[in-house]
Amino acid sequence: MSKQIRFNAFEMNCIAYQSPGLWRHPQDRSREYKDLEYWIDLAKILEKGIFDGVFLADVLGIYDVYQQSAEHALTGAVQVPVNDPLQIVPAMAAVTKHLGFGVTTSISFEHPYPFARRMSTLDHLSKGRVGWNIVTSYLASGSKNLGLSNQVSHDERYDIADEYLEVLYKLWEGSWENDAVVADKKSGVFADFKKVHPIKHKGKYFEVPGIHICEPSPQRTPVLYQAGASGRGQTFASQNAECIFIAAPSKVATKSIVQSIRHKLVENGRDPYSAKIYALLSIVTDETDEKAQHKFREYQSYASYDGALTLLSGWSGVDFSQYQSKDKVEYIQTDAIQSLLDSYVNADPNRIWTIEEIANWIGVGGNGPVLVGSAQTVADELQQWVEDTDIDGFNLAYILAHQSFQDVVDFIVPELQKRGVYPMQYSEGTLREKLFQNNAHLPDWHRGAAYRKTTLSLFRAAV
């Protein structure tokens, strides 16, 4: 039997997101991103299509590497303006029962103590449907706005992330015992204070002495997503992530990254399939191949060349305005997304990219492939991608909001269901239970689970 295919919707609380210039299309709705109705409509579309969740990206900075200026980011609405991703989740959760919400926040820009409360609050409000995409942030502009004169180096950001997660695990998993909340109206005792513990954390980067300020949420720790594909990023993911998001321009590059991640999981004592791997991809579909191809050509006519290079420069940390359009792209090590240029230059030995080719590629659909065709054609390709690369599913980036997702729900989902490779309905439970058909909490083998035992044993030993 063919492997099941899973979908997430890849979104951002901004305009156009992965397809700069497409906000000008008359059918695009992304200009409505400031309205709750926009996000409510999206949530209903995705739940109808039995998507695992909506994966909300975020940046706290602007794309000002291209031409050493924010001009094209601002004139083209290239991920700016951008609003907070967490605040739209309760509205979407209120109109759905099953849809998950993977939210991106950076360990570089918020102390773990207030962040732990924000995520526990969302997990409570959504009844356990929240995940967290752990990022370390690659835009130097964001670091400067928080008073950092220089961007912290790529690998040190992951060192900070290791301790950041340690603090969160102690708060989410170890601070409140399972039966700490009594809520006994007769005795007047809400929480047994002996079962609520300060975490007493004192490390290299953080000092957090107190208790978690929230009672345990349905999942305690949200489902953990991570998107780092560099060597250091994969090591971090193999120690923490339950879902891993990758972006590469070809099957060859995707397969190489997937194999490396599966190997890293084994190195860290995990089953190679204990993490779900989602690949970035966009779909343009219609009733026939001809209609879909016509739609795709129309979309291409709205794409922004400068907008695409603004994204590429920001992602890679390399100002591509200093090169000619026909120049071949070479790998340059930076403190931005190290895996991005590697996926173009090194991962696929059969392809040599020019700057112009990458700009045209990114202009519609961002850094992932775009599948174009009828439901039958696209379904064939999706199944082939899963078979050839060993991924578990796709983070689908929209080209037109919300038309791209509506087309997937109307055309692609029924075709995949007919083939028996896509869910017919949601399973019950929290997001973690839906994804892994297991417990609502972190599994016992997970790094975070150790803090349930270690932390509590230390607390009890001190009593």
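For the structure itself, look to the data block above.
Residues numbered from 1 in each chain as written. Predicted model: local features only at pLDDT ≥ 70, side-chain atom pairs only at ≥ 80, totals over all residues. Heavy atoms only, no water.

What follows concerns the nonpolar core. One finds Phe7, Phe51, Trp132, Leu382 and Phe394 to be the most contacted residues of the largest nonpolar core, which totals 120 residues. In contact with Phe7, other than residues within four places in its own chain, are Phe51, Asp52, Gly53, Leu382, Phe394, Leu396, Val408, Ile412, Val413, Leu416 and Tyr422. By size, the runner-up hydrophobic cluster in this structure holds ten residues, among which are Leu22, Val284, Tyr302 and Ile399. (Core = buried A, V, L, I, M, F, W, Y, C linked by side-chain atoms within 4.5 Å. Buried < 20%, exposed > 50% of the residue type's maximum accessible area, 1.4 Å probe, protein only. Contact = heavy atoms within 4.5 Å.)

Counting through the fold element by element, Ser304 comes out in the loop between α9 (289–300) and α10 (305–316). Through-space distance from the C-alpha of Ser304 to that of Val364 is 8.8 Å; in sequence the pair is 60 residues apart. Once you skip the residues sitting within four places of it in the chain, Ser304 turns out to touch Pro20 and Gly21. Polar contacts involving the side chain of Ser304 include one to the main-chain amide nitrogen of Gly307, which spans 2.8 Å. (Helix = DSSP H or I, 4+ residues; strand = E, 2+ residues; numbered from the N terminus. Polar contact = N/O pair within 3.5 Å; in protein donor to acceptor, adjacent residues only side chain to side chain.)

Moving on: empty space enclosed by the protein. Evaluated as defined, the whole model comprises one cavity of 30 Å³ or more. Here the largest cavity defines a volume of roughly 40 Å³. Lining the largest cavity, in full, are Ser120, Leu171, Trp172, Trp176, His212, Cys214, Glu215, Pro216, Ser217 and Arg220. Among the residues making up the lining of the largest cavity, the classes are represented as five nonpolar, three polar and two charged. (1 Å grid on protein atoms, 1.4 Å probe; cavity = no way out; pocket = protein on both sides within 12 Å on 5 of 7 lines; lining within 4 Å. Points joined across faces, edges and corners; volume = space filled by probe spheres on them. Nonpolar A, V, L, I, M, F, W, Y, C, P; charged D, E, K, R; others polar.)

Moving on: the side chain of Arg270. With respect to the secondary-structure elements, Arg270 resides in the loop between α8 (251–267) and β11 (276–286). Despite being buried, Arg270 has no salt bridge partner; Glu242 is the closest side chain of opposite charge, sitting 7.0 Å away. Here the side chain of Arg270 touches Ser274 through a polar contact of 3.0 Å, side chain to side chain. Those residues in contact with Arg270, other than ones at most four positions away along the chain, are Ala237, Ser238, Gln239, Asn240, Ala241, Glu242, Leu265, Ala275 and Trp445. (Lys, Arg positive; Asp, Glu negative; His and termini not counted. Salt bridge = Lys/Arg side-chain N within 4 Å of Asp/Glu carboxyl O.)

The values reported here are purely geometric and, on their own, carry no functional implication.
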